[in-house]
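# Coordinate inspection notes
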Amino acid sequence: MKKISVDQIEAGQRFSRPVYIDEDNLFVPEGIPVRERDLERLRKWEITSLYCDGAEISEDPQAALNAFFLRAFTSPRQKAITTNYNALRSALLEIFGRLRAGEQVEQDEIHRLVTRLLQLIDLHPNDVVQYMLYGMQGEAGEVENALNTAILATLVGRKMQMPRHRLVVLVTAAVLHDAGMLRIPQEILSKEGKLTPEERRQIQTHPIHSYKIITREIGFPEEVGIPALQHQERWDGNGYPRRIARDSIQLEARIIAVADSFVAMVSNKPYRLSMIGYTAIRNLLSDNGTRFDPDVLKVFIQVLGIYPIGSIVLLSDASVCRVLKNRSSAPLKPLVKVIIDAGGREFVDDDGPEIDLAENKSVFIARAVDANSLAEQHRKR
């Protein structure tokens, strides 16, 4: 097999044959794009070379279009967001690895991560959400889901004017809310088919594992452990593990429940592709007081908008745009940036004009779109 330097591989590359770390360990199957977090693990493990009998695949129109979309993240500011997010991801990956192995994790490590996350959100809230919903293209695992849930929970907590000390509790609980999943067998978590009753029962024990990890292993107080224990409880009392309802569920848990559900919907899973943000918001709006606290859900919608930041939308004049900013007073009329104009011109340097749909009455959002449908449209032009 041919030897490939890890330094020559970039996220998004695909190969015509499987790529291996060594004779026994597969890195990525043929045709599957390399992810940034895959490369991070190689760097962490100090692996410098890979092996492959095939060649790079470069003619995939979907990959080309994705690369076009991600040009938005080549500006210095967005590169800084990506760098900061990846640093947080690496730190949490290390923490989760040690928790999975049953090794000691200190509270100070979590405190430092939470402080850095809050600082990033304080400085660049819109950019962080845009990276999460647009830049990641639905590629998220356990570490990213924890960070993304914490990001959204922070924005909701801020909107609800939580004092800083309580916001820290919320974010800490959000980062660790699914830590109990580290104690669930991987074959269950990655199963593509229907879970058996016993497998489902094991999944439903994860909030209890999270609570024990937070309070007993790391040593955080109950106020941090309880939201993790309760984040799968439902507003109507039909959740788990204790089937409590309404105000018996701690507010932090109710916030995490909404954020966690949204993040799950916009992330790829073994059994389905990610939803676009608009569809996920529509799903949340259809809850009707069943799973979520209606007041928390209302704030969540105010924070993200009907078309979340980073959403790709098709305007009535056939131009394709990315949502830059929402306003609660006009949720259907965000500020957008043109990616492809009505004449088919592509702004490859992400330098298209911005349109405030609240002021420009000549166009409106026809529908939200995803990368797959845009690729099809792109091929027909």
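Residues numbered from 1 in each chain as written. Predicted model: local features only at pLDDT ≥ 70, side-chain atom pairs only at ≥ 80, totals over all residues. Heavy atoms only, no water.

### With respect to the pairing of strand 5 (residues 49-52)
- As paired elements, strand 1 (residues 2-5) and strand 5 share four bridges and run antiparallel to each other. Of the residues in strand 5, the one forming a bridge with K3 is Y51.
- With two bridges connecting them, strand 3 (residues 19-20) and strand 5 associate as antiparallel partners. Across the sheet, Y20 pairs through a bridge with Y51, a residue of strand 5. (Pairing = 2+ DSSP bridges. Helix = DSSP H or I, 4+ residues; strand = E, 2+ residues; numbered from the N terminus.)

### A closer look at helix 5 (residues 125-135)
- With nine of its 11 residues buried, helix 5 lies for the most part within the structure.
- All of the buried residues in helix 5 are D127, V128, V129, Q130, Y131, M132, L133, Y134 and G135. (Buried < 20%, exposed > 50% of the residue type's maximum accessible area, 1.4 Å probe, protein only.)

### A few points about the sheet that holds strand 4 (residues 26-28)
- Taken in spatial order, the four strands make up an open sheet running 1-5-3-4, and their pairing is antiparallel. Single-partner strands in this sheet number two, and they are strand 1 and strand 4.

### Some points on the environment of A264
- Residue placement: A264 occurs in helix 12 (residues 251-265).
- For the pair A264 and A280, spaced 16 residues apart in sequence, the C-alpha to C-alpha distance is 9.2 Å.

### With respect to the nonpolar core
- Counting 85 residues, the largest nonpolar core has L92, F96, L152, F262, F300 and V313 as the members making the most contacts within it.
- Leave out the neighbours within four places in its chain, and F300 touches L152, V156, V258, A259, F262, I281 and L284.
- Judged by nonpolar contacts, the second largest core, of 13 residues, contains F15, I21, V28 and C52. (Core = buried A, V, L, I, M, F, W, Y, C linked by side-chain atoms within 4.5 Å. Contact = heavy atoms within 4.5 Å.)

### What to know about the side chain of S261
- By the element assignment, S261 lies in helix 12.
- Exposure remark for S261: the relative accessible area of 12% places this residue in the buried category.
- Dropping the residues within four chain positions of it, S261 is found in contact with L284, R291 and F292.

### Brief notes about the confidence of the model for the chain
- Taken residue by residue, the chain gives an average pLDDT of 88. The fraction at 70 or more is 90%.
- Mean pLDDT values for the elements of the chain range from 54 in helix 15 (residues 371-380) up to 98 in helix 11 (residues 222-230). (pLDDT = per-residue confidence, 0-100.)

### Remarks on the side chain of T172
- Looking at where T172 falls in the secondary structure, it is placed in helix 7 (residues 164-176).
- Those residues in contact with T172 that sit more than four places away from it in its chain are I110, V114, F220 and V224.

### Examining the pattern of salt bridges
- By the definition in use, this model includes 21 salt bridges.
- With a shortest N-O distance of 2.7 Å, R43 and E36 are connected by a salt bridge.
- Judged by relative accessible area, R43 falls into the partly exposed class, the value being 47%.
- Residue classification places E36 among the partly exposed positions, given a relative accessible area of 28%. (Salt bridge = Lys/Arg side-chain N within 4 Å of Asp/Glu carboxyl O.)

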